[in-house]
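Examination of the molecular architecture
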2 protein chains.
Amino acid sequence: MAHRHEETLAAVRANLPEDELLCDLGDLFKIFGDTTRIKILYSLFESELCVCAIAELLGMGQSAISHQLKVLKDAKLVRSRREGKTVFYSLADDHVRRIIGQGYDHLTEEEK
Amino acid sequence: MAHRHEETLAAVRANLPEDELLCDLGDLFKIFGDTTRIKILYSLFESELCVCAIAELLGMGQSAISHQLKVLKDAKLVRSRREGKTVFYSLADDHVRRIIGQGYDHLTEEEK
DNA sequence: CATTCATATGAATTTATATTCATATGTTAT
DNA sequence: ATAACATATGAATATAAATTCATATGAATG
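Residues numbered from 1 in each chain as written. Chains lettered and ligands numbered in written order. Predicted model: local features only at pLDDT ≥ 70, side-chain atom pairs only at ≥ 80, totals over all residues. Heavy atoms only, no water.

Another aspect to go through is the relation of the copies chain B and chain A. Turning chain B through 180° and shifting it by 0.0 Å along the axis lays it on chain A, with an RMSD of 0.1 Å. Read as a symmetry element, the transformation amounts to a two-fold axis. Both copies present the same face, since 98% of the interface residues in chain B are matched by interface residues at the equivalent positions in chain A. (Least-squares fit on C-alpha atoms with pLDDT ≥ 70 in both. Contact = heavy atoms within 4.5 Å.)

Next up on the list: helix 3 (residues 35-46) of chain A. Residues and elements named next belong to chain A. For helix 3, which comprises twelve residues, the first-to-last C-alpha distance of 18 Å matches the rise-based estimate of 16 Å (1.5 Å per residue) to within 8%. Of all the twelve residues making up helix 3, ten are buried; the element is thus mostly covered by neighbouring parts of the structure. Turning to helix 3, its buried residues are T35, T36, R37, I38, K39, I40, L41, Y42, S43 and L44. Measuring from the backbone nitrogen of T36 back to the side-chain oxygen at the start of helix 3 gives 3.1 Å, which picks out D34 as the cap. (Helix = DSSP H or I, 4+ residues; strand = E, 2+ residues; numbered from the N terminus. Expected span 1.5 Å × (residues − 1). Buried < 20%, exposed > 50% of the residue type's maximum accessible area, 1.4 Å probe, protein only. Polar contact = N/O pair within 3.5 Å; in protein donor to acceptor, adjacent residues only side chain to side chain.)

Next up on the list: the interface of chain B and chain A. Listed per partner, the contact involves 59 residues of chain B and 58 residues of chain A. Summed over both sides, the interface of chain B with chain A buries roughly 5,300 Å², with 71% coming from carbon and sulfur. Counting the surface chain B buries against chain A, the share from its top three residues, F29, E56 and H106 of chain B, is 13%. Between K39 of chain A and D19 of chain B there is a salt bridge whose closest N-O contact spans 3.1 Å. At the surface where chain B touches chain A, the tally comes to eight residue pairs in polar contact (both at pLDDT 80 or more). Of all elements in the fold, only helix 1 (6-15), helix 2 (19-32), helix 3 (35-46), strand 1 (49-50), helix 4 (51-58) and helix 6 (95-108) of chain B reach the threshold of two or more residues within the side of chain B that touches chain A. Taken together, the residues of the side of chain B that touches chain A break down into 27 nonpolar, 14 polar and 18 charged. (Buried area = accessible area lost by both parts, 1.4 Å probe. Salt bridge = Lys/Arg side-chain N within 4 Å of Asp/Glu carboxyl O. Nonpolar A, V, L, I, M, F, W, Y, C, P; charged D, E, K, R; others polar.)

Close to DNA strand C lie 26 residues; Q62, S63 and Y89 of chain A together with R37 and S63 of chain B are nearest. Within 4 Å of the protein, the contacting atoms of DNA strand C are drawn from sugar and phosphate to the extent of 63%. In the model, a phosphate oxygen of DNA strand C is placed 2.5 Å from a nitrogen or oxygen of the R37 of chain B side chain. Of all elements in the fold, only helix 4 (51-58), helix 5 (62-74) and strand 3 (86-91) of chain A together with helix 3 and helix 5 (62-74) of chain B reach the threshold of two or more residues within the surface near DNA strand C. No other element matches helix 5 of chain A, which puts five residues into the surface near DNA strand C. Within the surface near DNA strand C, the residues separate by chemical class into eight nonpolar, eleven polar and seven charged. (Near = heavy atom within 4 Å.)

Structural data, given as structure tokens:
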């Protein structure tokens, strides 16, 4: 503790969500915070893709992609659909596009 | 490589941004992907705060907070303003709110 | 039902990142 | 100038997370 700021902190505390939600938020963004996963998600903007197509597209091993798809699926960011031996992945909902879109904006827009 | 998907991949490749942008996106979200930083950003929704107020609010050491504020500042997510011995931090622009808002929506809304 | 193909998973290794500790910098007041 | 306070920073440690390798599961086919 250093100087006084109880008045300020009271207001901030009142508007701060529960700890659990803040943790969940961090965990969610953590998932977007990896180049491989961003690439996977972005690839799925266009169409559903099978695991080996994604691996080929990104120039990575099948195992690495599978592991990351699991992370994405656990977070409900992608869905999967099996067709014979092949499993197709697609975006789970539109939040993915919106979240990435906002990030894109931050990177490309000028700040004033 | 496994089976054929050149046709599909061609279309996906055409719409995929440059590698550098995808990396930058990952790096940006990585910053949101930490509970401490999310808490700091959320705290700043309400008002600007000095370092020791944030440390007190989060129950963490001043050093840890300073390190994270540096990360946030380097990413241009927060600004700082010195007033005597005290340094006040505030959100740099509205993208922060929007990005966190989209994450919040994903967590709290029902998916259909 | 044995083989092949597509995907998934566990363990190990490597690499990155967060916090702490000690200390430096910068500001104000005596 | 010296002391006291607020913040910043470097190095070290601890923890987490990504990829690889080997192998397992699950589905189709001869």
